[in-house]
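# Structure assessment
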Amino acid sequence: MAKKSRRAHRRRSRRPERPSSSPRGRILAGVVAAAIVVAGVVTLLTGRDHEVPEPPRPTVRVTEDGVRLARFDLHSLAAWCRDAGLPDPPGVREAALEVAEGLLEALQEAAAGQSAEAYGRVGQIAEGLDSHAAALAYFRVAAEKNPSDFRWPYYIGCVHQETGRRNDAIAAFERALELSGTYPTTAARLGQLYLDAGRDDEAKHQFERYAAARPDDWFGLVGLARLALRDGDPDRALALLGRAAELGPDDFQVNYQLGRTHTALGDREEAQRYFDRAEQAPQGGWFRMRDPLVEAMHGAASSVDALKVEFERKSGSGDWAELAALAEEIVRRRSGDVRMRGNLAGLYRKLGRFDDAHAELDRALAYGVDDIRLHNLRAELHLAQNEFEPAIAATDRVLALSATDSRAQSVRGRALTMLGRYAEAEEWMRKSLATDPGNLSNRVVLAEILVAQERLDEAATVFREILGAEPLHEYSRRRLQEIAAPR
């Protein structure tokens, strides 16, 4: 009877999901001090609230090169979580043994102690494994347990930003900022999100806050320079980027924005010099290197972290074969890394290995996470194969999950263009640009759609808009000349 009573207590203690995200560092699973309210009575946890059985153990296999991998029975583990009053576990069937051990320990601590820290620890591991839905569920419960801790909404914002849900990410980071204005990277992330959303005044405020809080970092200066360029003030942009270059002379964004700035100033030779330097610099990893909370989150789950850092470092190299080999090694060691499986599918597409790309997407989709990104990759793959109707069908699946996904809207517009359905194509391309107004590639497609409909004045206006944002855009310059030529 006592066992049944404990189970009933656990079921009564379940909480509905609520978004959250944010870690100050690696959350220790052994934290024992937490306040919890049950039925209106506050009790202080000085140890475990109640004993729970151990979660089901995974089976272990050893690869040819000695890597020990744990394989979960997800049905049994999910049933154990439900019985323990927990959200579903990460949907990862296989992981390195040490990662699996950490996950099971964190799940048992969450079930027994029911503290915000314990739930947050599971959320960290889940996100480190790219199990975004599970990460959100556990961060939300952590936020409910301790609503005054900024880390949980911060982590929620990180998950939303990672999965392309910009408005949700902004809301979560704004909540984190309300709770604590002392963590600099909140301002950096909000500045970038506001800039992408066209909310320039708010972006400027956040970039200034970050630059003041982190005078040793160039990120805030680069953000302010991008805003100055958007305002048509290249002289101010150059001054800001000059300071940024003193701090990060080899940074991709510093050199790329310097190239854009010198272009706007009419110095094409100097612009090309910076564009060449940018081409040699590693790309990606905007926030991780300047975000200790996210670094801790990935460290909590990653036994292949060094490989992933190497992948990010080389992501701008253009060596698709080398990057594919790295991605293959990562998914071999961690088969449940859905994001890397998506990366691998994209690399196979660039290498022309279309069948391999489709197979990799099939394997990734079987995990039931990150569906929007994976279906977008499928749509882009069909588009690369000139399979336009299947590409449109893949965007249907994305838009059913997120009606304003600009990436799917863009692919749909491009596929419709290739089918000669120009009016529909224009509608979808304009929708994509309304969500992502800075996408110059989409503006080029829109201009060509207008040309195909013989609306040359409107097309010329779009090409001029592109040149206003990117004066070295030679394709737009050439098309403008062709449109203006006598017929």
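Here the structure is a predicted model, which is why all the values come from computation and not from measurement.

## Considerations on the overall build of the chain
The secondary structure content of the chain amounts to 25 helices and five strands. In the chain, which comprises 487 residues, the proportion classed as buried is 53%. The long-range share in the chain, meaning contacts at least 24 apart out of those at least 6 apart in sequence, stands at 59%. Surface accessibility of the chain: about 21900 Å² in total, with carbon and sulfur atoms responsible for 50%.

## Some details on the sheet that holds strand β3 (residues 59-62)
Spatially, the three strands line up as an open sheet ordered β3-β4-β5, and their pairing is antiparallel. This sheet does not close on itself; its edge strands, each paired only once, are β3 and β5 (94-96). Across this sheet, the average inter-strand angle for adjacent strands is 30 degrees, counted without regard to direction. Sheet topology note: the strand β4 (residues 68-71)/β5 ladder contains three bridges and is antiparallel. When the bridges of β5 are listed, leucine 69 appears paired with alanine 96.

## Overview of a negative patch on the surface
Taken together, the side chains of Asp201, Asp231, Asp233 and Asp235 make up a negatively charged region of the molecular surface. With respect to the element layout, aspartate 231 can be found in the loop between α10 (219-230) and α11 (234-247).

## Overview of the packing of aromatic side chains
Summed over all chains, the structure comprises 13 aromatic pairs. Aromatic ring contacts, followed pair by pair, group Phe150, Tyr154, Phe173 and Tyr183 into a single cluster. Just above the ring of tryptophan 218 sits the side chain of arginine 290; from NZ or CZ to the centre is 5.6 Å.

## Considerations on α11
Across its 14 residues, α11 extends 20 Å between first and last C-alpha, which sits within 8% of the 20 Å expected from 1.5 Å per residue. Where α11 is buried, its residues meet α10 and α12 (252-264).

## A word on empty space enclosed by the protein
To locate leftover empty space, one rolls a probe as large as a water molecule over the atoms. Following the criterion strictly, the structure yields one cavity of 30 Å³ or more and no others. In this model, the largest cavity occupies a volume close to 30 Å³. If you go around the largest cavity, the residues you meet are Pro56, Arg57, Pro58, Phe72, Asp73 and Leu77.

## Digging into unusual backbone geometry
Positive phi values are uncommon outside glycine, yet glutamine 114 reaches one of about 55 degrees. Note that glutamine 114 resides in the loop between α3 (97-113) and α4 (116-128). Residue class for glutamine 114 comes out buried when judged on its relative accessible area of 3%. You will see that glutamate 454, though not glycine, has its phi angle at about 60 degrees, which is positive. As for its placement among the helices and strands, glutamate 454 is situated in the loop between α23 (440-452) and α24 (456-469). A residue is classified by how much of its surface remains accessible, and glutamate 454, at 68% relative accessible area, is exposed.

## A closer look at the packing of helix α9 (residues 200-213) against α10
What describes two packed helices is the angle between their axes and the distance between those same axes. At their nearest, the axes of α9 and α10 sit 8 Å apart, and the two run at 150 degrees to each other. It follows from the interaxial angle that α9 and α10 lie roughly antiparallel. The hand of the α9/α10 crossing is left-handed. On α10, the residues touching Asp200, Ala203, Lys204, Phe207, Glu208, Tyr210 and Ala211 of α9 are Phe219, Gly220, Gly223, Leu224, Leu227 and Arg230. Split by residue class, the contact of α9 with α10 holds seven nonpolar, two polar and four charged.

## Quick notes on the environment of glutamate 310
For glutamate 310, the position within the fold is in helix α15 (residues 305-313). Sequence-wise, glutamate 310 and leucine 326 are 16 residues apart; in three dimensions their C-alpha atoms are separated by 8.2 Å.

## Re the side chain of serine 410
Along the chain, the position of serine 410 falls in helix α21 (residues 406-418). We classify serine 410 as buried; its relative accessible area is 8%. Contact partners of serine 410, with chain neighbours within four places excluded, come to Met429, Ser432 and Asn442.

## Considerations on helix α17 (residues 338-350)
In this model, α17 (13 residues) spans 19 Å end to end at C-alpha, consistent with the 18 Å of a helix rising 1.5 Å per residue. Of all the 13 residues making up α17, 10 are buried; the element is thus mostly covered by neighbouring parts of the structure. Among the residues of α17, those classed as buried are Val338, Arg339, Met340, Arg341, Gly342, Leu344, Ala345, Gly346, Leu347 and Tyr348. Following α17 by one or two positions, glycine 352 adopts a phi angle in the positive range, close to 80 degrees.

## Describing the pattern of salt bridges
Counting across every chain of the model gives 35 salt bridges. Ionic pairing is found between arginine 277 and aspartate 250, a salt bridge with its closest N-O pair at 4.0 Å. Here arginine 277 is found in helix α13 (residues 268-280), whereas its partner aspartate 250 is found in the loop between α11 and α12, with 27 residues between them in sequence. Three or more residues joined by partner-sharing salt bridges are found here, namely Glu426, Arg430, Arg455 and Glu458.

## Details of the pairing of β4
A regular strand carries its side chains on alternate faces of the sheet. Judged from the four bridges that link them, β3 and β4 form a sheet pairing that is antiparallel. In the sheet register, valine 62 faces β4, and the bridge partner there is arginine 68.

## Observations concerning the environment of glutamate 360
Mapped onto the secondary structure, glutamate 360 falls in helix α18 (residues 354-365). With relative accessibility at 3%, the residue glutamate 360 sits in the buried group. Between the C-alpha atoms of glutamate 360 and glycine 346, which are 14 residues apart in sequence, the distance is 9.4 Å. Excluding its chain neighbours within four sequence positions, the residues that come into contact with glutamate 360 are Arg341, Leu344, Ala345 and Tyr348.

## Describing the confidence of the model for the chain
Mean pLDDT for the chain: 83, with 85% of residues reaching 70 or above. For residues 1-49, every residue scores under 50 in pLDDT, and the model assigns this stretch 111 contacts once sequence neighbours within four places are set aside.

## Some points on the packing of helix α8 (residues 184-196) against α9
Between α8 and α9, the least distance of the axes is 8 Å, while the angle of their chain directions is 155 degrees. What the angle tells us is that α8 and α9 run roughly antiparallel. For the pair α8 and α9, the crossing hand works out as left-handed. Where α8 approaches α9, its residues Pro184, Thr185, Ala187, Ala188, Leu190, Gly191, Gln192, Tyr194 and Leu195 are matched on the opposing element by Asp200, Glu202, Ala203, Gln206, Phe207, Arg209, Tyr210 and Ala213. In the contact of α8 with α9, the residues fall into 10 nonpolar, four polar and three charged.

Definitions and cut-offs
- Residues numbered from 1 in each chain as written.
- Predicted model: local features only at pLDDT ≥ 70, side-chain atom pairs only at ≥ 80, totals over all residues.
- Heavy atoms only, no water.
- Helix = DSSP H or I, 4+ residues; strand = E, 2+ residues; numbered from the N terminus.
- Buried < 20%, exposed > 50% of the residue type's maximum accessible area, 1.4 Å probe, protein only.
- Contact = heavy atoms within 4.5 Å.
- Areas by Shrake-Rupley, 256 points an atom, 1.4 Å probe, with all protein chains shown as cover.
- Pairing = 2+ DSSP bridges.
- Axes fitted to C-alpha atoms, helices over the stretch in contact; angles between N-to-C directions.
- Patch = residues over 30% accessible without salt bridge, like charges linked within 9 Å, V, L, I, M, F, W, Y side chains within 5 Å.
- Salt bridge = Lys/Arg side-chain N within 4 Å of Asp/Glu carboxyl O.
- Lys, Arg positive; Asp, Glu negative; His and termini not counted.
- Charge placed at Lys NZ, Arg CZ, Asp CG, Glu CD.
- Phe/Tyr/Trp six-rings, centres within 6.5 Å; stacked < 30°, edge-to-face > 60°.
- Lys NZ or Arg CZ within 6 Å of the ring centre and 35° of its normal.
- Expected span 1.5 Å × (residues − 1).
- 1 Å grid on protein atoms, 1.4 Å probe; cavity = no way out; pocket = protein on both sides within 12 Å on 5 of 7 lines; lining within 4 Å.
- Points joined across faces, edges and corners; volume = space filled by probe spheres on them.
- Parallel < 35°, antiparallel > 145°, perpendicular 65-115°, else oblique.
- Left-handed = near helix turned anticlockwise from the far one by under 90°.
- Nonpolar A, V, L, I, M, F, W, Y, C, P; charged D, E, K, R; others polar.
- pLDDT = per-residue confidence, 0-100.

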